[in-house]
Amino acid sequence: MFIRSLLMSLTVAALAVLSNAAAGQLQQITNFGANPTNVEMYLYRPSTVAAKPPLIVAIHYCTGTAQAYFSGTQYATLADQYGFLVIYPDAPDSGGCWDVHTNATLTHNGGGDSLAIASVVRYAISNYNVDASRVFATGTSSGAMMTNVLAGAYPDLFAAGAAFAGVPYGCFAGPDLWNSACATGTITKTAQEWNFAEGIKQWTNVFGYSTTPVSTVQDSPLSGWTRSTYGPNFQAIVASGVDHNIPVQANDVLAWFGITGSSGTTTASTTAPTTAPTTSVPTSTTTASGAQATHYGQCGGYVTM
């Protein structure tokens, strides 16, 4: 995870815009299955697709759109190079934020925005010959929160995640779209119930790792950033001096997902969980058995399910 001690704002005013020279354009996917909140879905398919392509679900920030995340990140350009597919969901909320707080979205097949994303993943596996063992989620801010929701509620679908400036699965749980206590880093829970330190507690507990990292690397992947590895399925990254508008490290994400070769990231295991996901959400937070946390968590981390 990329993490800060406090999440000062959910809204990303401006992402670092990276050169996007993707050869193609987005195509809307319709009639893909259960979609209770009317999330729109857009596919990027490179001109040359791998025989059994991986799939990355790339999820935008508050005030963002699928088109903005397509244009502002390098995933589509990298898809041209490596032959994977990218789906960009578009949030139905008027402010462009994702539902990461309702019991429905936090519950496996329970509804909310997360069910729409799960539905389009199932559709892609059936219709685009996607490798079901190589489906990944990544996002920024509200999209990072949704990445953790998908990791917690749908470990049967997602092999790994990379969350940039998000919060732990269930941290925003409650009646309102906004949760000030979670956003300002004042919620502290046990590892089982489950902010940067909170996300580490949550995912190390899922995998049975110590909260003390087994290795720490300075200046990785960028100068001033510190990568801590807790086990083969979880890393957390602190970006010193970086505010909430954290720059997406797409190449590092692809290395974590095992799509590309080595980098500072240790490639995560992508073995699907054998334990069924959770089917209900308690009053606090639980994480589905088998889920792997996100590489870039509150505010960032990598996880493998």
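Above this text you will find the structure in question.
1. Section: the nonpolar core
Considering soluble globular proteins, one finds that nonpolar side chains tend to be buried as a cluster.
Piece 1. Counting 39 residues, the largest nonpolar core has Met-41, Leu-55 and Phe-158 as the members making the most contacts within it.
Piece 2. Those elements that place two or more of their residues in this core are strand E3 (40-44), strand E4 (55-59), strand E5 (85-90), helix H4 (112-127), strand E6 (135-140), helix H5 (142-153) and helix H6 (180-183).
Piece 3. Take this core: its biggest share by element is seven residues, from H4.
Piece 4. In terms of nonpolar packing, the next biggest core, distinct from the first, is built from 35 residues, Leu-26, Phe-136, Phe-164 and Val-253 among them.

2. Section: the packing of H4 against H5
Piece 1. The N-to-C vectors of H4 and H5 enclose an angle of 70°; their axes lie 10 Å apart at closest approach. Classified by the angle their axes make, H4 and H5 are roughly perpendicular. Seen from H4, the contacting residues are Asp-113, Ser-114 and Ile-117; seen from H5, they are Met-146, Val-149 and Leu-150.

3. A look at the side chain of Ser-114
Piece 1. Along the chain, the position of Ser-114 falls in helix H4.
Piece 2. For Ser-114, a relative accessible area of 0% gives the class buried.
Piece 3. Setting aside anything within four residues of it in sequence, one finds Ser-114 in contact with Ala-104, Thr-105, Met-146, Val-149, Leu-150 and Tyr-154.

4. Details of the state of the cysteines
Piece 1. Per the stated rule, a full pass over the model turns up one disulfide.
Piece 2. Shown here is the disulfide that connects Cys-62 with Cys-97, its sulfur atoms set 1.7 Å apart. Taking the sign of the S-S torsion, 130° for the link of Cys-62 and Cys-97, the bridge is right-handed. Residue Cys-62 is located in the loop between E4 and helix H1 (66-72), and its partner Cys-97 is located in the loop between E5 and helix H3 (103-106); the two are separated by 35 residues in the primary sequence.

5. Overview of the packing of aromatic side chains
Piece 1. Considering all chains together, one arrives at eight aromatic pairs under this definition.
Piece 2. Taken together, a centroid distance of 5.7 Å and an interplanar angle of 85° make the contact between Phe-70 and Tyr-88 edge-to-face. Separated by 18 residues along the polypeptide, Phe-70 in helix H1 and Tyr-88 in strand E5 bring together distant segments of the chain. Like Phe-70, the residue Tyr-88 is buried in the burial classification.
Piece 3. By the ring-pair criterion, three or more aromatic residues cluster together here, those being Tyr-44, Phe-70 and Tyr-88.

6. So, the pattern of salt bridges
Piece 1. Taken as a whole and assessed by the stated rule, the structure comprises one salt bridge.
Piece 2. Asp-252 is paired through a salt bridge with Arg-227; the nearest N and O atoms lie 3.2 Å apart. You can see Asp-252 sitting in helix H8 (residues 250-257) and its partner Arg-227 sitting in strand E9 (residues 225-231), a full 25 residues away along the chain.
Piece 3. On the basis of relative accessibility, which here comes to 8%, the residue Asp-252 falls in the buried class.

7. Some thoughts on the pairing of E4
Piece 1. Among the five residues of E4, five are classified as buried, and the element is accordingly described as predominantly covered.
Piece 2. Alternating positions in E4 separate into two faces, Leu-55, Val-57 and Ile-59 on one and Ile-56 and Ala-58 on the other, with burial throughout.
Piece 3. Two elements, E4 and E5, share three bridges in a ladder whose sense is parallel. Within E5, the residue paired with Val-57 across the bridge is Ile-87.
Piece 4. Looking at chain direction, E4 and E6 are connected through five bridges and run parallel. If you follow Ile-56 over to E6, its bridge partner there is Phe-136.

8. Quick look at the environment of Phe-32
Piece 1. Relative to the assigned elements, Phe-32 resides in the loop between strand E2 (27-29) and E3.
Piece 2. When its relative accessible area of 8% is taken as the criterion, Phe-32 is described as buried.

9. Observations concerning H4
Piece 1. An ideal rise of 1.5 Å per residue puts 22 Å on 16 residues; H4 measures up with 23 Å between its terminal C-alpha atoms.
Piece 2. For H4, the full list of buried residues reads Gly-112, Asp-113, Ser-114, Leu-115, Ala-116, Ile-117, Ala-118, Ser-119, Val-120, Val-121 and Ala-124.
Piece 3. A positive backbone phi angle near 60° is found at Asn-129, which sits one or two residues after H4.

10. Comments concerning the packing of helix H2 (residues 75-82) against H8
Piece 1. Between H2 and H8, the least distance of the axes is 10 Å, while the angle of their chain directions is 50°. Here H2 lies oblique to H8, going by the angle between them. Every pair of crossing elements has a handedness; the one defined by H2 and H8 is right-handed. Between H2, through Tyr-75, Leu-78 and Tyr-82, and H8, the contact on the second element is made entirely by Ala-250, Asn-251, Val-253 and Leu-254.
Piece 2. Looking at the contact of H2 with H8, its residues break down into six nonpolar, one polar and no charged.

11. A word on the pairing of E6
Piece 1. With six of its six residues buried, E6 lies for the most part within the structure.
Piece 2. Across the two faces of E6 the burial is the same, with Val-135, Ala-137 and Gly-139 and Phe-136, Thr-138 and Thr-140 all buried.
Piece 3. Pairing analysis gives five bridges linking E6 to strand E7 (residues 160-164), with the strands arranged parallel. Counterpart to Phe-136 in the pairing with E7 is Ala-160.
Piece 4. For the segment spanning E6, H5 and E7, crossover handedness is right-handed.

Reading the values: the criteria
- Residues numbered from 1 in each chain as written.
- Predicted model: local features only at pLDDT ≥ 70, side-chain atom pairs only at ≥ 80, totals over all residues.
- Heavy atoms only, no water.
- Core = buried A, V, L, I, M, F, W, Y, C linked by side-chain atoms within 4.5 Å.
- Buried < 20%, exposed > 50% of the residue type's maximum accessible area, 1.4 Å probe, protein only.
- Helix = DSSP H or I, 4+ residues; strand = E, 2+ residues; numbered from the N terminus.
- Axes fitted to C-alpha atoms, helices over the stretch in contact; angles between N-to-C directions.
- Parallel < 35°, antiparallel > 145°, perpendicular 65-115°, else oblique.
- Contact = heavy atoms within 4.5 Å.
- Disulfide = S-S within 2.5 Å.
- Phe/Tyr/Trp six-rings, centres within 6.5 Å; stacked < 30°, edge-to-face > 60°.
- Salt bridge = Lys/Arg side-chain N within 4 Å of Asp/Glu carboxyl O.
- Pairing = 2+ DSSP bridges.
- Expected span 1.5 Å × (residues − 1).
- Left-handed = near helix turned anticlockwise from the far one by under 90°.
- Nonpolar A, V, L, I, M, F, W, Y, C, P; charged D, E, K, R; others polar.
- Right-handed = clockwise from strand over helix to strand, strands pointing away.

Don't take any of this as a statement about function, it's just geometry.
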